[in-house]
Amino acid sequence: MSSTYYIIERIVNMRRKIFIVLTIVWMIVIFAFSAKDADESGQASNNVGLIIGRVFVSDFEKMPIEEQIAFAEKVDYPVRKTAHVLEYALLGFLVMGALYTPKRKWYYQSILAWLIATLYAASDEFHQLFVQGRSGEIRDVCIDSSGVIIGVILALLIFSHIY
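What comes next concerns the included structure. (Residues numbered from 1 in each chain as written. Predicted model: local features only at pLDDT ≥ 70, side-chain atom pairs only at ≥ 80, totals over all residues. Heavy atoms only, no water.)

## With respect to the packing of aromatic side chains
(1) Moving on: For the structure on display, the rule yields eight aromatic pairs.
(2) Moving on: Aromatic side chains Trp106 and Tyr107 sit 5.5 Å apart centroid to centroid with 85° between the ring planes, which places their arrangement in the edge-to-face category.
(3) Moving on: Judged by its relative accessible area of 35%, Tyr107 is partly exposed.
(4) Moving on: Their ring planes at 55° and their centres at 4.8 Å tell us that Tyr107 and Tyr108 sit as a pair that is tilted.
(5) Moving on: Put simply, the rings of Phe19, Phe93, Tyr100 and Phe159 touch in pairs and so form one group of aromatic residues.
(6) Moving on: The ring of Phe159 carries Arg15 above its face, with NZ or CZ at 5.0 Å from the centroid. (Phe/Tyr/Trp six-rings, centres within 6.5 Å; stacked < 30°, edge-to-face > 60°. Buried < 20%, exposed > 50% of the residue type's maximum accessible area, 1.4 Å probe, protein only. Lys NZ or Arg CZ within 6 Å of the ring centre and 35° of its normal.)

## Points about the packing of helix α1 (residues 3-34) against helix α5 (residues 106-128)
(1) Moving on: Taken N-terminus to C-terminus, the directions of α1 and α5 make an angle of 25°; their axes are 10 Å apart at the nearest point. Judged by the angle between their axes, α1 and α5 are roughly parallel. The handedness of the crossing between α1 and α5 is right-handed. Contacts between α1 and α5 involve Met27, Ile28, Ile30, Phe31 and Ser34 on the former and, on the latter, Tyr120, Asp124, His127 and Gln128.
(2) Moving on: Tallied by class, residues from the contact of α1 with α5 come to five nonpolar, three polar and one charged. (Axes fitted to C-alpha atoms, helices over the stretch in contact; angles between N-to-C directions. Helix = DSSP H or I, 4+ residues; strand = E, 2+ residues; numbered from the N terminus. Parallel < 35°, antiparallel > 145°, perpendicular 65-115°, else oblique. Left-handed = near helix turned anticlockwise from the far one by under 90°. Contact = heavy atoms within 4.5 Å. Nonpolar A, V, L, I, M, F, W, Y, C, P; charged D, E, K, R; others polar.)

Nothing here speaks to function; it is geometry throughout.
In structure tokens, the structure reads:
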């Protein structure tokens with residue numbers, strides 16, 4: 001076995017271990033977000049809506065507070081669903097980073113990464129059934145799964161060019 005091959009193999013193994021740890025940490029973060037009751041979760045997304053208003057709406061600060069709150073409520077749904085896509089895109093990227101090796105066919109690894117992260121999304125929605133004021137939604141699993149696909153594709157593009 002050549003020394004170059006040995007070095008590359010060690011780098012791949014180290015990268016995979018780091019991605020496994022990061023994947024587990026990110027899953028814990030997602031679980032923590034999902035464990036917040038409806039009031040806490042709603043307040044967080046309303047705060048994001050207010051920030052969006054301050055950044056993108058001229059004279060937002062001069063609007064009456066009722067209009068600011070109405071704006072935040074209006075953008076609540078897109079904010080929440082965008083958060084779903086982004087948090088699961090990151091999970092898909094991390095899972096793919098943990099699985100990827102140039103030795104295996106890319107499509108098997110991609111399907112497995114998608115499956116692992118999508119099953120986690122389903123389990124997370126199930127978990128929300130037990131959180132006060134929250135619900136588990138099949139629609140959210142589909143949205144999460146689309147985020148996973150984005151993360152897996154991004155990881156695949158990056159890793160296939162590195163290795």
